[in-house]
Amino acid sequence: MAQMTFSLLVLYLTILAGLLGTIEARSRARAYLEAQCRSTLYPNLCVRTLLPHANKYDLPSPQKIAQISLTTCLAKARFTKAYVNMVAKELNKTKNPGEYEALEECLYQINNGVNQITQSLKELQEMGKDREENFGWHESNVQSWVGAALTDATACMDGFLGDKIGSKTKSMIKTRFLNVKELASNSLALLNRYTSRHRASRAIKNP
């Protein structure tokens with residue numbers, strides 16, 4: 001009986017130690033990501049986006065952080081595109097030209113956004129592989145494309161939907177575009193943080 005009690009105690013302490021280690025790892029990862037996300041306009045969203053990809057033993061680099069944020073933004077943009085496509089098809093079936101035309105503009109914007117974010121992600125991945133003299137060129141491309149995607153999302157939210165789309169549908173679409181907009185904004189800020197740190201590191205190595 002005493003042996004069984006001792007074994008259960010050891011098992012309990014082992015499980016407890018594992019749980020405390022996990023909590024500590026998550027806490028350290030969160031603290032690291034909060035520091036990385038301070039430069040963004042939406043830091044809480046930034047931390048939530050990055051946290052599943054970090055632990056205290058494998059904290060992502062600034063470049064990897066920018067890539068994770070941009071990858072998440074692309075996934076949300078594709079989801080938004082699929083949703084807007086679905087709504088547009090339904091409106092087309094009901095033969096409501098006013099609502100369909102208003103939504104068609106947003107569909108055009110999100111198509112552009114998906115293409116721009118896709119190109120940005122490819123370009124960002126090249127920044128760590130290409131020659132140093134091409135770093136600024138890749139950086140400028142990513143900034144331009146992500147900035148354009150941010151503008152497209154904002155344009156749909158602020159202008160093209162207008163009052164022609166039913167309030168519930170309009171609210172759902174705006175929520176999705178808002179998410180894309182905030183993720184694009186964060187991605188741009190994280191990109192700028194990465195490139196600034198990269199240049200600072202190069203300056204130290206090559207004064």
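As a reminder, the structure under discussion sits directly above these lines.
Residues numbered from 1 in each chain as written. Predicted model: local features only at pLDDT ≥ 70, side-chain atom pairs only at ≥ 80, totals over all residues. Heavy atoms only, no water.

1. Considering the pattern of salt bridges
Right, so step 1: Scanning the entire structure with this criterion turns up three salt bridges.
Right, so step 2: Of the charged contacts, one joins Glu34 and Arg30 as a salt bridge, the two residues approaching to 3.9 Å between their closest N and O atoms. With Glu34 and Arg30 both in helix H1 (residues 2-37) and four residues apart, this pair spans about one turn of that helix.
Right, so step 3: Given a relative accessible area of 38%, Glu34 falls into the partly exposed group.
Right, so step 4: Exposure remark for Arg30: the relative accessible area of 37% places this residue in the partly exposed category. (Salt bridge = Lys/Arg side-chain N within 4 Å of Asp/Glu carboxyl O. Helix = DSSP H or I, 4+ residues; strand = E, 2+ residues; numbered from the N terminus. Buried < 20%, exposed > 50% of the residue type's maximum accessible area, 1.4 Å probe, protein only.)

2. Topic: the nonpolar core
When a protein is soluble and globular, its nonpolar side chains tend to lie buried together.
Right, so step 1: Core analysis: the biggest nonpolar cluster contains 47 residues, and Leu103, Leu124 and Phe177 have the highest contact counts within it.
Right, so step 2: Mapped onto this core, the elements with two or more residues apiece are H1, helix H2 (43-50), helix H3 (62-93), helix H4 (97-126), helix H5 (135-160) and helix H6 (167-205).
Right, so step 3: It is H3 that contributes the most residues to this core, twelve residues altogether.
Right, so step 4: Apart from the residues lying within four places of it in its own chain, the contact partners of Phe177 are Thr80, Val84, Cys106, Ile110, Ala153, Cys156 and Met157. (Core = buried A, V, L, I, M, F, W, Y, C linked by side-chain atoms within 4.5 Å. Contact = heavy atoms within 4.5 Å.)

3. Digging into the environment of His138
Right, so step 1: Note that His138 resides in helix H5.
Right, so step 2: On the accessibility criterion, His138 (4% relative accessible area) is buried.
Right, so step 3: Taking C-alpha positions, His138 is 9.9 Å from Gly128, a pair spaced ten residues apart along the chain.
Right, so step 4: Here His138 is in contact with Glu123, Glu126, Met127 and Asp130, once residues within four sequence places are set aside.

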